[in-house]
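What follows is each chain in one-letter form.
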Amino acid sequence: MTQPIVVIGSGLAGYNLVKECRKLNPDQSILMITADDGRNYSKPMLSTGFGKNKTADELAMSTAADMAEQLNIVIRTHTRVTNIDAASKTVFVGEEPIAYSKLVLAWGAEALSPRIEGDAEDHIYSINDLQDYAQFRAAAEGKKRVLIMGAGLIGAEFANDMVSGGFDVDVVAPCDHILPSLLPEEAANAVQQGLEGLGVRFHLGPLVTRISKENDALVAYLSNGQTIETDLVVSAIGLRPRLDLAVKAGLQVSHGIVVNRELQTSEADIYALGDCAEVEGHVLLYVLPLMASARALAKTLTGTTTPVSYGVMPVTVKTPVVPVAVAPVAANSDGNWSIDAQGSDVQAEFRNSEGKLLGYALTGAKVMNKVALNKELAPLMP
Ligand SMILES: Cc1cc2nc3c(=O)[nH]c(=O)nc-3n(C[C@H](O)[C@H](O)[C@H](O)COP(=O)(O)OP(=O)(O)OC[C@H]3O[C@@H](n4cnc5c(N)ncnc54)[C@H](O)[C@@H]3O)c2cc1C
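Model, not experiment: these values are computed from the prediction.

Re the layout of surface pockets
Consideration 1: Approximately 170 Å³ is the volume found for the second largest pocket.
Consideration 2: A111, L112, S113, P114, I116, E121, I124, Y125, S126 and S235 are the residues that line the second largest pocket.

Brief notes about the site of the ligand
Consideration 1: Neighbouring the ligand are 34 residues; A13, D36, D275, V287 and K318 lie closest to it.
Consideration 2: The separation between an oxygen atom of the ligand and a polar main-chain atom of A13 is 2.9 Å.
Consideration 3: In the environment of the ligand, an oxygen atom lies 2.9 Å from a nitrogen or oxygen atom belonging to the side chain of K43.
Consideration 4: Protein contacts shield 92% of the accessible area of the ligand, which totals 1,000 Å² for the unbound molecule.

Describing unusual backbone geometry
Consideration 1: In the Ramachandran plot, N72 falls in the positive-phi region, its phi being about 55° despite a non-glycine side chain.
Consideration 2: Residue placement: N72 occurs in the loop between helix 3 (64-71) and strand 5 (74-76).
Consideration 3: Since its relative accessible area comes to 46%, N72 is described here as partly exposed.
Consideration 4: Of note in this structure, K89 is not a glycine but carries a positive phi near 50°.
Consideration 5: Here K89 is to be found in the loop between strand 6 (83-85) and strand 7 (90-93).
Consideration 6: Take K89: its relative accessible area is 28%, and that puts it in the partly exposed class.

Brief notes about empty space enclosed by the protein
Consideration 1: Considering all chains together, one arrives at one cavity of 30 Å³ or more under this definition.
Consideration 2: Taken together, L273, G274, A277, V279, H282, L284, P289, L290, S293 and Y310 make up the full set of residues lining the largest cavity.
Consideration 3: Elements with a minimum of two residues in the lining of the largest cavity: strand 22 (277-279) and helix 8 (287-301).
Consideration 4: The biggest single contributor to the lining of the largest cavity is helix 8, with three residues.

Points about helix 4 (residues 130-140)
Consideration 1: Within helix 4, burial applies to L130, D132, Y133, F136, R137, A139 and A140.
Consideration 2: By the N-cap criterion, in which a side-chain oxygen at the helix start approaches the backbone nitrogen of a residue two or three places on, helix 4 is capped by D129, the distance to Q131 being 3.1 Å.
Consideration 3: Once helix 4 finishes, G142 follows within two positions and takes phi at roughly 80°, a positive value.

Details of the pairing of strand 2 (residues 30-33)
Consideration 1: Of the two faces of strand 2, the one carrying I30 and M32 and the one carrying L31 and I33 are both buried.
Consideration 2: Relative to strand 2, strand 1 (residues 5-8) is paired through four bridges, and the arrangement is parallel. Counterpart to I5 in the pairing with strand 2 is I30.
Consideration 3: Between the parallel elements strand 1 and strand 2, the chain passes through helix 1 (residues 12-24) in a crossover that is right-handed.

Analysis parameters
Residues numbered from 1 in each chain as written. Predicted model: local features only at pLDDT ≥ 70, side-chain atom pairs only at ≥ 80, totals over all residues. Heavy atoms only, no water. 1 Å grid on protein atoms, 1.4 Å probe; cavity = no way out; pocket = protein on both sides within 12 Å on 5 of 7 lines; lining within 4 Å. Points joined across faces, edges and corners; volume = space filled by probe spheres on them. Near = heavy atom within 4 Å. Polar contact = N/O pair within 3.5 Å; in protein donor to acceptor, adjacent residues only side chain to side chain. Areas by Shrake-Rupley, 256 points an atom, 1.4 Å probe, with all protein chains shown as cover. Helix = DSSP H or I, 4+ residues; strand = E, 2+ residues; numbered from the N terminus. Buried < 20%, exposed > 50% of the residue type's maximum accessible area, 1.4 Å probe, protein only. Pairing = 2+ DSSP bridges. Right-handed = clockwise from strand over helix to strand, strands pointing away.

Written out as C-alpha coordinates, the structure is:
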(Lines give C-alpha, C1' and ligand atoms only; values in the text may rest on other atoms or scores of the structure.)
Protein backbone atom coordinates (compact mmCIF):
# COMPACT_ATOMS: atom_id res chain seq x y z
CA MET A 1 0.00 0.00 0.00
CA THR A 2 1.37 3.44 -0.80
CA GLN A 3 1.63 5.70 2.22
CA PRO A 4 -0.29 8.98 2.30
CA ILE A 5 1.06 12.43 1.61
CA VAL A 6 1.32 13.87 5.12
CA VAL A 7 0.73 17.60 5.56
CA ILE A 8 1.70 19.11 8.92
CA GLY A 9 -0.40 22.19 9.67
CA SER A 10 -3.97 23.30 9.05
CA GLY A 11 -3.31 26.99 8.42
CA LEU A 12 -3.82 28.74 5.10
CA ALA A 13 -0.73 27.00 3.68
CA GLY A 14 -1.89 23.48 4.58
CA TYR A 15 -5.51 23.94 3.51
CA ASN A 16 -4.72 25.83 0.30
CA LEU A 17 -2.25 23.15 -0.69
CA VAL A 18 -4.82 20.39 -0.19
CA LYS A 19 -7.49 22.35 -2.08
CA GLU A 20 -5.11 22.76 -5.02
CA CYS A 21 -4.16 19.06 -4.88
CA ARG A 22 -7.82 18.09 -4.99
CA LYS A 23 -8.38 20.11 -8.17
CA LEU A 24 -5.75 17.91 -9.82
CA ASN A 25 -6.37 14.56 -8.18
CA PRO A 26 -9.51 13.92 -6.13
CA ASP A 27 -8.36 10.57 -4.68
CA GLN A 28 -4.69 10.77 -3.67
CA SER A 29 -4.40 9.72 -0.04
CA ILE A 30 -3.71 12.77 2.19
CA LEU A 31 -3.36 12.91 5.96
CA MET A 32 -3.28 16.31 7.66
CA ILE A 33 -1.86 16.51 11.17
CA THR A 34 -2.41 19.65 13.19
CA ALA A 35 -1.59 20.75 16.72
CA ASP A 36 -4.69 22.95 16.87
CA ASP A 37 -8.40 22.17 16.44
CA GLY A 38 -8.14 22.23 12.64
CA ARG A 39 -10.84 24.84 12.12
CA ASN A 40 -10.50 26.63 8.80
CA TYR A 41 -10.16 30.37 9.32
CA SER A 42 -8.38 33.28 7.75
CA LYS A 43 -5.60 34.41 10.05
CA PRO A 44 -5.49 37.98 8.64
CA MET A 45 -9.02 38.45 10.03
CA LEU A 46 -7.70 38.11 13.61
CA SER A 47 -6.67 41.77 13.56
CA THR A 48 -10.12 42.92 12.45
CA GLY A 49 -12.17 41.10 15.10
CA PHE A 50 -12.67 43.83 17.71
CA GLY A 51 -13.74 46.48 15.21
CA LYS A 52 -16.26 44.02 13.75
CA ASN A 53 -17.05 42.58 17.19
CA LYS A 54 -16.52 39.00 16.09
CA THR A 55 -15.82 36.13 18.45
CA ALA A 56 -13.32 33.40 17.53
CA ASP A 57 -16.24 31.10 16.67
CA GLU A 58 -17.64 33.72 14.32
CA LEU A 59 -14.27 34.05 12.54
CA ALA A 60 -14.04 30.28 12.01
CA MET A 61 -15.39 29.27 8.60
CA SER A 62 -15.62 25.50 9.07
CA THR A 63 -14.72 22.69 11.44
CA ALA A 64 -11.99 20.14 10.84
CA ALA A 65 -14.65 17.45 10.32
CA ASP A 66 -16.33 19.54 7.59
CA MET A 67 -12.98 20.21 5.93
CA ALA A 68 -12.04 16.51 6.05
CA GLU A 69 -15.28 15.61 4.32
CA GLN A 70 -15.14 18.43 1.79
CA LEU A 71 -11.54 17.66 0.82
CA ASN A 72 -11.75 13.88 1.17
CA ILE A 73 -8.77 13.73 3.53
CA VAL A 74 -8.10 12.46 7.04
CA ILE A 75 -7.37 15.19 9.61
CA ARG A 76 -5.88 14.50 13.01
CA THR A 77 -6.49 17.48 15.25
CA HIS A 78 -4.83 18.37 18.58
CA THR A 79 -1.94 16.22 17.41
CA ARG A 80 1.58 17.57 17.57
CA VAL A 81 4.33 16.06 15.45
CA THR A 82 7.37 15.73 17.68
CA ASN A 83 9.95 14.17 15.38
CA ILE A 84 10.72 13.46 11.74
CA ASP A 85 12.87 10.60 10.50
CA ALA A 86 13.65 11.32 6.86
CA ALA A 87 15.61 8.08 6.35
CA SER A 88 12.61 5.87 7.16
CA LYS A 89 10.03 8.41 5.84
CA THR A 90 8.24 8.52 9.18
CA VAL A 91 6.94 11.29 11.40
CA PHE A 92 6.37 10.73 15.10
CA VAL A 93 3.64 11.90 17.39
CA GLY A 94 5.35 11.06 20.66
CA GLU A 95 6.08 7.33 20.33
CA GLU A 96 3.59 6.77 17.52
CA PRO A 97 5.16 6.43 14.05
CA ILE A 98 3.26 7.63 10.96
CA ALA A 99 4.66 6.72 7.55
CA TYR A 100 4.52 9.12 4.60
CA SER A 101 5.19 8.95 0.90
CA LYS A 102 5.78 12.72 0.74
CA LEU A 103 5.86 15.07 3.70
CA VAL A 104 4.81 18.72 3.59
CA LEU A 105 5.81 21.10 6.36
CA ALA A 106 3.21 23.87 6.67
CA TRP A 107 3.67 24.50 10.36
CA GLY A 108 3.95 28.28 10.26
CA ALA A 109 5.82 30.80 12.37
CA GLU A 110 5.86 31.43 16.10
CA ALA A 111 5.48 34.71 17.91
CA LEU A 112 8.66 36.01 19.52
CA SER A 113 8.30 36.32 23.28
CA PRO A 114 9.49 39.52 24.86
CA ARG A 115 11.90 39.42 27.76
CA ILE A 116 10.02 41.31 30.44
CA GLU A 117 10.58 41.44 34.16
CA GLY A 118 7.79 41.56 36.70
CA ASP A 119 4.97 39.33 37.86
CA ALA A 120 2.51 39.86 35.00
CA GLU A 121 3.83 37.42 32.40
CA ASP A 122 0.51 35.59 32.24
CA HIS A 123 -1.20 38.85 31.24
CA ILE A 124 0.88 39.28 28.06
CA TYR A 125 -0.88 37.91 24.99
CA SER A 126 0.42 37.27 21.51
CA ILE A 127 -2.29 36.61 18.96
CA ASN A 128 -1.00 34.23 16.33
CA ASP A 129 -3.90 31.81 15.88
CA LEU A 130 -7.61 31.44 16.46
CA GLN A 131 -7.14 29.92 19.90
CA ASP A 132 -4.88 32.80 21.00
CA TYR A 133 -7.58 35.15 19.78
CA ALA A 134 -10.30 33.32 21.73
CA GLN A 135 -8.20 33.48 24.92
CA PHE A 136 -7.41 37.13 24.39
CA ARG A 137 -11.05 38.02 23.81
CA ALA A 138 -11.99 36.25 27.02
CA ALA A 139 -9.28 38.20 28.89
CA ALA A 140 -10.43 41.48 27.30
CA GLU A 141 -14.03 41.05 28.45
CA GLY A 142 -14.99 44.07 30.54
CA LYS A 143 -11.55 45.69 30.13
CA LYS A 144 -10.96 49.20 28.80
CA ARG A 145 -7.25 49.72 28.28
CA VAL A 146 -4.71 47.83 26.18
CA LEU A 147 -0.99 48.31 25.72
CA ILE A 148 0.45 46.96 22.46
CA MET A 149 4.15 46.19 22.23
CA GLY A 150 5.39 46.53 18.66
CA ALA A 151 4.47 48.87 15.83
CA GLY A 152 4.93 46.58 12.86
CA LEU A 153 2.10 45.28 10.69
CA ILE A 154 0.41 43.29 13.43
CA GLY A 155 0.88 45.94 16.15
CA ALA A 156 -0.45 48.72 13.90
CA GLU A 157 -3.42 46.61 12.81
CA PHE A 158 -4.35 45.69 16.39
CA ALA A 159 -4.02 49.35 17.42
CA ASN A 160 -6.54 50.38 14.76
CA ASP A 161 -8.81 47.44 15.46
CA MET A 162 -8.90 47.75 19.25
CA VAL A 163 -9.44 51.50 19.25
CA SER A 164 -12.34 50.87 16.84
CA GLY A 165 -13.60 48.26 19.31
CA GLY A 166 -13.77 50.90 22.05
CA PHE A 167 -10.44 50.34 23.81
CA ASP A 168 -8.05 52.96 25.07
CA VAL A 169 -4.80 52.07 23.27
CA ASP A 170 -1.11 52.70 24.00
CA VAL A 171 1.57 51.43 21.61
CA VAL A 172 5.18 51.07 22.74
CA ALA A 173 7.93 50.22 20.25
CA PRO A 174 11.67 50.79 20.08
CA CYS A 175 11.62 52.26 16.55
CA ASP A 176 11.63 55.87 15.40
CA HIS A 177 8.58 55.49 13.19
CA ILE A 178 5.81 52.90 12.95
CA LEU A 179 5.87 50.05 10.38
CA PRO A 180 9.66 50.49 10.20
CA SER A 181 10.42 47.57 7.89
CA LEU A 182 7.57 48.39 5.50
CA LEU A 183 7.23 52.17 5.16
CA PRO A 184 9.48 55.20 4.71
CA GLU A 185 9.05 57.76 7.47
CA GLU A 186 6.66 60.16 5.69
CA ALA A 187 4.22 57.37 4.88
CA ALA A 188 4.51 55.93 8.40
CA ASN A 189 3.81 59.36 9.88
CA ALA A 190 0.61 59.63 7.86
CA VAL A 191 -0.62 56.34 9.32
CA GLN A 192 0.52 57.28 12.83
CA GLN A 193 -1.32 60.59 12.66
CA GLY A 194 -4.47 58.84 11.48
CA LEU A 195 -4.29 56.44 14.41
CA GLU A 196 -3.57 59.28 16.84
CA GLY A 197 -6.66 60.99 15.49
CA LEU A 198 -8.64 57.98 16.75
CA GLY A 199 -7.00 58.31 20.18
CA VAL A 200 -4.08 55.85 19.96
CA ARG A 201 -1.07 57.03 22.02
CA PHE A 202 2.36 56.10 20.61
CA HIS A 203 5.53 55.80 22.67
CA LEU A 204 8.27 55.31 20.08
CA GLY A 205 11.88 54.77 21.14
CA PRO A 206 11.63 52.99 24.50
CA LEU A 207 11.12 49.32 25.30
CA VAL A 208 8.81 47.85 27.91
CA THR A 209 11.18 46.38 30.49
CA ARG A 210 8.88 45.35 33.31
CA ILE A 211 5.18 44.76 33.87
CA SER A 212 3.73 44.46 37.37
CA LYS A 213 0.32 43.85 38.84
CA GLU A 214 -0.49 46.82 41.03
CA ASN A 215 -3.90 46.97 42.68
CA ASP A 216 -6.43 46.15 39.95
CA ALA A 217 -4.24 47.29 37.07
CA LEU A 218 -1.06 46.39 35.23
CA VAL A 219 1.76 48.89 35.22
CA ALA A 220 4.27 48.84 32.36
CA TYR A 221 7.68 50.36 33.04
CA LEU A 222 9.44 51.73 29.96
CA SER A 223 13.19 52.04 29.45
CA ASN A 224 12.87 55.84 29.35
CA GLY A 225 11.47 55.94 32.90
CA GLN A 226 7.85 56.41 31.85
CA THR A 227 5.10 54.21 33.30
CA ILE A 228 1.79 53.28 31.68
CA GLU A 229 -1.23 51.87 33.48
CA THR A 230 -3.22 49.37 31.49
CA ASP A 231 -5.52 46.32 31.79
CA LEU A 232 -4.14 44.10 29.02
CA VAL A 233 -0.88 43.72 27.15
CA VAL A 234 -0.52 42.46 23.58
CA SER A 235 2.92 41.47 22.36
CA ALA A 236 3.35 41.95 18.61
CA ILE A 237 7.12 42.16 18.48
CA GLY A 238 7.59 39.78 15.58
CA LEU A 239 7.26 36.27 14.21
CA ARG A 240 9.91 33.71 13.39
CA PRO A 241 9.51 30.60 11.17
CA ARG A 242 9.28 27.42 13.27
CA LEU A 243 12.60 25.63 12.82
CA ASP A 244 13.24 23.36 15.82
CA LEU A 245 11.84 20.12 14.40
CA ALA A 246 13.43 20.75 11.02
CA VAL A 247 16.83 21.25 12.64
CA LYS A 248 16.35 18.07 14.69
CA ALA A 249 15.51 16.20 11.48
CA GLY A 250 18.73 17.41 9.87
CA LEU A 251 17.03 19.65 7.29
CA GLN A 252 18.89 22.71 6.06
CA VAL A 253 17.59 25.90 7.68
CA SER A 254 18.52 29.56 7.54
CA HIS A 255 15.95 32.23 8.44
CA GLY A 256 13.31 29.66 7.46
CA ILE A 257 13.36 26.04 6.31
CA VAL A 258 15.47 26.25 3.17
CA VAL A 259 13.65 25.09 0.03
CA ASN A 260 14.35 25.37 -3.68
CA ARG A 261 11.96 26.66 -6.34
CA GLU A 262 10.17 23.28 -6.25
CA LEU A 263 9.64 23.90 -2.51
CA GLN A 264 11.73 20.85 -1.76
CA THR A 265 13.84 20.88 1.40
CA SER A 266 17.32 19.41 1.59
CA GLU A 267 15.59 15.98 1.81
CA ALA A 268 14.09 14.57 -1.39
CA ASP A 269 10.56 13.78 -0.21
CA ILE A 270 10.07 16.63 2.26
CA TYR A 271 8.63 19.96 1.12
CA ALA A 272 7.78 23.19 2.94
CA LEU A 273 5.61 26.22 2.21
CA GLY A 274 3.99 29.15 3.98
CA ASP A 275 5.39 31.04 6.96
CA CYS A 276 7.92 28.30 7.85
CA ALA A 277 9.61 28.22 4.43
CA GLU A 278 12.51 30.16 2.96
CA VAL A 279 12.09 30.01 -0.80
CA GLU A 280 15.38 30.88 -2.52
CA GLY A 281 16.16 33.33 0.24
CA HIS A 282 12.62 34.78 0.52
CA VAL A 283 10.93 34.46 3.91
CA LEU A 284 7.58 36.15 3.34
CA LEU A 285 5.02 35.86 6.13
CA TYR A 286 2.06 36.72 3.88
CA VAL A 287 -0.82 35.02 2.15
CA LEU A 288 -0.03 35.74 -1.53
CA PRO A 289 3.32 33.90 -1.55
CA LEU A 290 1.79 30.88 0.18
CA MET A 291 -1.04 30.74 -2.39
CA ALA A 292 1.47 30.78 -5.26
CA SER A 293 3.44 28.07 -3.45
CA ALA A 294 0.33 25.95 -2.87
CA ARG A 295 -0.54 26.03 -6.58
CA ALA A 296 2.95 25.01 -7.67
CA LEU A 297 3.47 22.35 -5.00
CA ALA A 298 0.09 20.74 -5.73
CA LYS A 299 1.26 20.17 -9.31
CA THR A 300 4.54 18.70 -8.12
CA LEU A 301 2.82 16.39 -5.64
CA THR A 302 0.40 15.17 -8.30
CA GLY A 303 3.18 14.29 -10.71
CA THR A 304 4.18 17.42 -12.67
CA THR A 305 7.26 18.98 -11.10
CA THR A 306 6.59 22.73 -11.09
CA PRO A 307 8.74 25.55 -9.73
CA VAL A 308 6.99 28.40 -7.95
CA SER A 309 7.10 31.95 -9.30
CA TYR A 310 6.45 35.02 -7.20
CA GLY A 311 4.95 37.89 -9.12
CA VAL A 312 4.37 41.36 -7.71
CA MET A 313 3.12 40.86 -4.16
CA PRO A 314 1.90 44.04 -2.51
CA VAL A 315 0.99 43.93 1.16
CA THR A 316 -2.12 45.64 2.45
CA VAL A 317 -1.87 46.92 6.01
CA LYS A 318 -5.33 46.78 7.59
CA THR A 319 -5.36 50.21 9.18
CA PRO A 320 -8.70 51.43 7.79
CA VAL A 321 -8.23 54.92 9.25
CA VAL A 322 -5.41 55.42 6.73
CA PRO A 323 -5.32 52.61 4.16
CA VAL A 324 -1.85 51.37 3.21
CA ALA A 325 -0.54 49.40 0.24
CA VAL A 326 3.14 48.59 0.10
CA ALA A 327 5.43 46.66 -2.18
CA PRO A 328 8.38 46.16 0.18
CA VAL A 329 11.84 46.98 -1.11
CA ALA A 330 14.19 44.00 -0.88
CA ALA A 331 16.92 44.40 1.74
CA ASN A 332 20.20 45.85 0.41
CA SER A 333 18.56 47.38 -2.67
CA ASP A 334 20.35 50.43 -4.03
CA GLY A 335 18.14 53.37 -4.77
CA ASN A 336 16.25 56.31 -3.35
CA TRP A 337 12.76 57.18 -2.22
CA SER A 338 10.89 59.96 -3.95
CA ILE A 339 7.99 61.13 -1.88
CA ASP A 340 4.83 63.05 -2.65
CA ALA A 341 3.00 63.73 0.62
CA GLN A 342 -0.26 65.62 1.00
CA GLY A 343 -1.68 65.11 4.48
CA SER A 344 -2.61 61.47 4.89
CA ASP A 345 -2.15 60.80 1.15
CA VAL A 346 1.43 59.76 0.50
CA GLN A 347 2.94 58.25 -2.60
CA ALA A 348 6.48 57.01 -2.06
CA GLU A 349 8.39 55.30 -4.89
CA PHE A 350 11.74 53.59 -4.50
CA ARG A 351 13.80 53.63 -7.69
CA ASN A 352 17.38 52.73 -8.59
CA SER A 353 19.79 55.02 -10.44
CA GLU A 354 18.34 53.89 -13.78
CA GLY A 355 14.87 54.89 -12.65
CA LYS A 356 13.60 51.32 -12.26
CA LEU A 357 10.82 50.94 -9.68
CA LEU A 358 11.90 48.55 -6.90
CA GLY A 359 9.15 49.15 -4.37
CA TYR A 360 6.51 51.59 -3.24
CA ALA A 361 4.41 52.70 -0.30
CA LEU A 362 1.00 54.29 -0.75
CA THR A 363 -1.30 55.68 1.92
CA GLY A 364 -4.75 57.23 2.01
CA ALA A 365 -6.23 58.12 -1.38
CA LYS A 366 -2.93 57.23 -3.12
CA VAL A 367 -3.64 53.52 -2.55
CA MET A 368 -5.65 53.56 -5.76
CA ASN A 369 -2.43 54.10 -7.75
CA LYS A 370 -1.31 50.61 -6.79
CA VAL A 371 -2.57 48.93 -9.95
CA ALA A 372 -0.54 51.24 -12.18
CA LEU A 373 2.61 50.82 -10.05
CA ASN A 374 2.21 47.04 -9.94
CA LYS A 375 2.42 47.00 -13.75
CA GLU A 376 5.76 48.75 -13.55
CA LEU A 377 7.29 46.64 -10.76
CA ALA A 378 9.52 43.68 -11.52
CA PRO A 379 8.24 40.34 -10.24
CA LEU A 380 9.84 39.18 -6.99
CA MET A 381 10.97 35.81 -8.32
CA PRO A 382 10.06 35.40 -11.98
C1 LIG B 1 -2.91 39.22 13.11
C2 LIG B 1 -2.37 38.85 11.77
C3 LIG B 1 -2.77 39.54 10.64
C4 LIG B 1 -2.27 39.21 9.39
N5 LIG B 1 -2.68 39.92 8.29
C6 LIG B 1 -2.21 39.58 7.07
C7 LIG B 1 -2.66 40.25 5.89
O8 LIG B 1 -3.45 41.18 5.95
N9 LIG B 1 -2.19 39.84 4.68
C10 LIG B 1 -1.29 38.82 4.57
O11 LIG B 1 -0.91 38.48 3.45
N12 LIG B 1 -0.86 38.15 5.66
C13 LIG B 1 -1.30 38.50 6.90
N14 LIG B 1 -0.84 37.83 8.00
C15 LIG B 1 0.08 36.68 7.79
C16 LIG B 1 -0.69 35.45 7.34
O17 LIG B 1 -1.80 35.27 8.16
C18 LIG B 1 0.25 34.23 7.40
O19 LIG B 1 1.27 34.43 6.46
C20 LIG B 1 -0.44 32.90 7.09
O21 LIG B 1 -1.65 32.77 7.78
C22 LIG B 1 0.51 31.74 7.42
O23 LIG B 1 -0.12 30.51 7.21
P24 LIG B 1 0.62 29.14 7.49
O25 LIG B 1 -0.35 28.09 7.11
O26 LIG B 1 1.97 29.14 6.88
O27 LIG B 1 0.88 29.11 9.06
P28 LIG B 1 -0.13 29.01 10.30
O29 LIG B 1 -1.43 29.62 10.00
O30 LIG B 1 0.63 29.52 11.46
O31 LIG B 1 -0.39 27.46 10.47
C32 LIG B 1 0.51 26.60 11.09
C33 LIG B 1 -0.20 25.30 11.42
O34 LIG B 1 0.77 24.34 11.83
C35 LIG B 1 0.33 23.70 13.01
N36 LIG B 1 1.54 23.20 13.71
C37 LIG B 1 2.62 23.89 14.13
N38 LIG B 1 3.54 23.04 14.66
C39 LIG B 1 3.01 21.79 14.57
C40 LIG B 1 3.46 20.50 14.93
N41 LIG B 1 4.66 20.30 15.48
N42 LIG B 1 2.64 19.43 14.71
C43 LIG B 1 1.43 19.61 14.13
N44 LIG B 1 0.96 20.81 13.75
C45 LIG B 1 1.75 21.88 13.96
C46 LIG B 1 -0.46 24.76 13.74
O47 LIG B 1 -1.32 24.18 14.68
C48 LIG B 1 -1.19 25.38 12.55
O49 LIG B 1 -2.32 24.61 12.20
C50 LIG B 1 -1.34 38.15 9.27
C51 LIG B 1 -0.92 37.44 10.41
C52 LIG B 1 -1.43 37.78 11.64
C53 LIG B 1 -0.96 37.02 12.87
